[in-house]
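Residues per chain are reported as follows:
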Amino acid sequence: MNRPTHPLLELWRDFARNPGAVGGLVIVLALVCCALFADGLAPHSPIEQYRDAILTPPAWAEGGRSEFLLGTDPVGRDLLSRLIHGARLSLGIGLVSVSLSLGFGILLGLIAGFSRGWVGTAVMRLMDILLALPSLLLAVAVVAVLGPGLINAMYAIAIVLLPHYVRLTRAAVVSERDKEYVQASRIAGAGALRLMFITVLPNCLAPLIVQATLGFSTAILDAAALGFLGLGAQPPASEWGAMLAGAMEFIQSAWWVVTLPGIAIFVAVLAFNLMGDGLRDALDPKLKR
C-alpha cells in the first residue's frame, strides 16, 4: 500500500508545475539573500561617496571602471551596493507592512464574520470607505498626517493593504462558520475565541497566504512611490524609489542611475506576483489540474 504524500511535498509538486512560479521563487530567494547578506555582498558602502567617480558608467560601457560594476550615482556612490542594500529596505518594508495588515486584517475579519450585528457591519463599511480611496492617495494622506519617514510609510502601506485582508477573511469565515464541524465545536462548549482562532481560522489560511504574497508586490510598489515623492525613506537611505527620485534629472545624460533602480522594482514586483499566482494554483483545489 502506498504511503500518503506529505502535504508540503504535495504543495511543492503542485507549485512546481508552474515554471513561472518557480522562476519567481528563485528571484525572491535571491532578493532575500541580498537582504540578509547585503553587508557582505555589496562591494562598497551604500553611502560612501567617491568624488573622483561621479556618474561613472557601468563597467561594460565606455568610460566605466571595474570597481563600479553598475556605475555610480550623481554623488559618486556605488550603484550596485545601493541596489543590494535597497533589497533589504524594500523587503523589510514589505514584511512589516504585510505583517501588520495581515494581523489586524485577520482579527477584524474574524470579528466581522462572526458578528451578525452592527459591529460587523461597521467594520465592513469602514473597509469599504478605505477601498473607495485610491491606494496611493490614501498612503500619501496617511504619511502627510504622520510625517515623512520610513516607519510612517510602513504604517501607511499597512493601512492601504488592510481592507483586502479584512474582506478576504470575512468571506472565508462566512463560508465556514455554519458548517457541521463548527457547529459540533460550538455544541461541545467551544467559546468564541476558540471557534475563531482554533476551529475556523486554520481553514481560511490558504487564500490569506496567497494574498499576503501578492501584498508584498503592492507594498514594494507603494514604498517606491512614496520614496519617489519624498515621503518614504529619506536620504541617504538606499531605497529604490528614493534612488529614482534623486536621479530623474540625469535620465538623458546618465541612463543607468534611473534604469537600474526601475529594473530592480520591476523584477521584484514581477517575482512576487509570479510566486503568488503559483501559490494560488497550488493551494486552491479547484485550480489543480
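Provided above is the structure to which this section pertains.
None of the values given here were measured: they were computed from a predicted structure.

Asks: Quick question: what am I supposed to make of the nonpolar core here?
Replies: In a soluble, globular protein the nonpolar side chains are often hidden away together inside. Counting 71 residues, the largest nonpolar core has L83, F114, I157, L226, W240, V257 and F272 as its most contacted members. A total of 13 residues in this core trace back to one element, the largest contributor, which is helix α12 (residues 256-283). Non-local contacts of W240, meaning those with residues more than four positions away in its chain, are made with L31, R82, L83, G86, A87, S90, P261, A264, I265 and A268.

Asks: Just to check I follow, could you spell out the layout of surface pockets for this structure?
Replies: It is the rolling of a water-molecule-sized probe over the atoms that shows where space remains empty. Quantified by volume, the second largest pocket comes out at close to 260 Å³. Around the second largest pocket sit 19 residues that line it, and R77, R82, A242, M243 and G246 are the ones nearest its centre. Mapped onto the lining of the second largest pocket, the elements with two or more residues apiece are α4 (79-114) and α11 (240-247). Of all the elements, α11 adds the most residues to the lining of the second largest pocket, at five residues. Classifying every residue of the lining of the second largest pocket by side-chain character gives twelve nonpolar, four polar and three charged.

Asks: Just to check I follow, could you spell out the pattern of salt bridges for this structure?
Replies: Opposite charge on two side chains makes pairing possible when the charged atoms of those side chains draw close. For the coordinates displayed, the defined rule picks out twelve salt bridges. Where R280 meets D277, a salt bridge forms, and the shortest distance between an N and an O atom there is 3.9 Å. With a gap of three residues between them, R280 and D277 both fall in helix α12, about one helical turn apart. Note that D281 and R280 form a salt bridge whose closest N and O atoms lie 3.5 Å from each other. Overall, D281 belongs to the partly exposed group, its relative accessible area being 22%.

Asks: Please explain the environment of D73 as it appears in this structure.
Replies: Note that D73 resides in the loop between α3 (38-41) and α4. Look at D73 and you get buried, because its relative accessible area is 5%. Put simply, D73 and L55 are 18 residues apart on the chain and 5.1 Å apart in space, counted from C-alpha to C-alpha. If near-sequence neighbours (up to four positions away) are discounted, D73 is found in contact with I54, L55, L79, R82 and V257.

Asks: Where do I start with the state of the cysteines in this structure?
Replies: Should the sulfur atoms of two cysteines be covalently bonded, the bond is a disulfide. Per the stated rule, a full pass over the model turns up zero disulfides. Free of any disulfide, C33 has its nearest cysteine sulfur in C34, 7.1 Å distant. For C33, a relative accessible area of 38% puts it in the partly exposed group.

Asks: Even after reading the chapter, I still don't get the packing of helix α2 (residues 19-36) against α4, so can you show me in this structure?
Replies: For any two helices packed against each other, the geometry is given by the interaxial angle and the distance between the axes. Between α2 and α4, the shortest axis-to-axis distance is 7 Å and the interhelical angle comes to 105 degrees. Taken together, α2 and α4 sit at an angle that is classed as roughly perpendicular. Only I84, A87, R88 and L91 of α4 make contact with α2, whose side of the interface consists of L31, V32, C34, A35 and L36. A breakdown of the residues in the contact of α2 with α4 according to their chemical character gives eight nonpolar, no polar and one charged.

Asks: Can you walk me through unusual backbone geometry in this structure?
Replies: Among all residues except glycine, the phi angle is most often negative; among peptide bonds, the trans geometry is most common. Along the chain, P235 connects to P236 via a cis peptide bond; the corresponding omega equals 5 degrees. Along the polypeptide, P236 turns up in the loop between α10 (205-228) and α11.

Asks: What is the right way to read the side chain of S81 from this model?
Replies: With respect to the element layout, S81 can be found in helix α4. Engagement of the side chain of S81 in a polar contact is seen with the side chain of D78, the distance being 2.6 Å. Apart from residues lying up to four places away in sequence, S81 is in contact with A42, P43, H44, S45 and P46.

Quick notes on the rules
Residues numbered from 1 in each chain as written. Predicted model: local features only at pLDDT ≥ 70, side-chain atom pairs only at ≥ 80, totals over all residues. Heavy atoms only, no water. Core = buried A, V, L, I, M, F, W, Y, C linked by side-chain atoms within 4.5 Å. Buried < 20%, exposed > 50% of the residue type's maximum accessible area, 1.4 Å probe, protein only. Helix = DSSP H or I, 4+ residues; strand = E, 2+ residues; numbered from the N terminus. Contact = heavy atoms within 4.5 Å. 1 Å grid on protein atoms, 1.4 Å probe; cavity = no way out; pocket = protein on both sides within 12 Å on 5 of 7 lines; lining within 4 Å. Points joined across faces, edges and corners; volume = space filled by probe spheres on them. Nonpolar A, V, L, I, M, F, W, Y, C, P; charged D, E, K, R; others polar. Salt bridge = Lys/Arg side-chain N within 4 Å of Asp/Glu carboxyl O. Disulfide = S-S within 2.5 Å. Axes fitted to C-alpha atoms, helices over the stretch in contact; angles between N-to-C directions. Parallel < 35°, antiparallel > 145°, perpendicular 65-115°, else oblique. Polar contact = N/O pair within 3.5 Å; in protein donor to acceptor, adjacent residues only side chain to side chain.

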